[in-house]
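Listed here are the chains, written in short residue letters.
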Amino acid sequence: MRPTYWILGLATLSIVIGLFVSRDPERAERLSQMYRDAALTGETRQMVIMGLAIAIGAFVVYLTMTRR
């Protein structure tokens, strides 16, 4: 079986589970609270974005330096 089908199957399964969980108001509220608690805010968000920018820049430099 090709990896593409596995990825599509897992994505479909996660969507179905998400729809099932969001039907129950209590579970939906707990899930929403969990997302709010896990969200990056303020200075942490800025540091993560800066780290991603540096990582992407380093990857671009790596690609340009190793290409012949």
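What counts, and at which threshold
Residues numbered from 1 in each chain as written. Predicted model: local features only at pLDDT ≥ 70, side-chain atom pairs only at ≥ 80, totals over all residues. Heavy atoms only, no water. Helix = DSSP H or I, 4+ residues; strand = E, 2+ residues; numbered from the N terminus. Rg over C-alpha atoms; globule rule 2.2 N^0.38 Å. Patch = residues over 30% accessible without salt bridge, like charges linked within 9 Å, V, L, I, M, F, W, Y side chains within 5 Å. Areas by Shrake-Rupley, 256 points an atom, 1.4 Å probe, with all protein chains shown as cover. Salt bridge = Lys/Arg side-chain N within 4 Å of Asp/Glu carboxyl O. Buried < 20%, exposed > 50% of the residue type's maximum accessible area, 1.4 Å probe, protein only. UniProt positions renumbered as here; feature names shortened; annotations may be inferred.

### Structural notes on the overall build of the protein
For the protein, the helix and strand inventory stands at 3 helices and 0 strands. From first element to last, N terminus to C terminus, the protein shows the α and β order α-α-α. Computed over C-alpha atoms, the radius of gyration of the protein comes to 19 Å, more than 25% over the 11 Å expected from 2.2 N^0.38 for 68 residues, which places it beyond the range of a compact globule. Overall, the C-alpha framework of the protein stretches about 55 × 45 × 10 Å when taken along its three principal axes.

### Details of a nonpolar patch on the surface
Together, Leu40, Val48, Leu52, Ile56 and Val60 make up a nonpolar patch on the protein surface, roughly 430 Å² of accessible area in all. Inspection of the secondary structure puts Ile56 in helix α3 (residues 42–66). Here Ile56 falls in the exposed class, since its relative accessible area comes to 56%.

### Side note on the environment of Ala28
Here Ala28 is to be found in helix α2 (residues 25–38). Under the relative-accessibility criterion, Ala28 is labelled partly exposed at 26%.

### Observations regarding the UniProt feature "transmembrane region" (unreviewed entry) in the protein
The feature "transmembrane region" (unreviewed entry), as annotated in UniProt, sits at residues 47–65 in this numbering. Taken end to end, residues 47–65 has its terminal C-alpha atoms 27 Å apart, with 100% of it in helix and 0% in strand.

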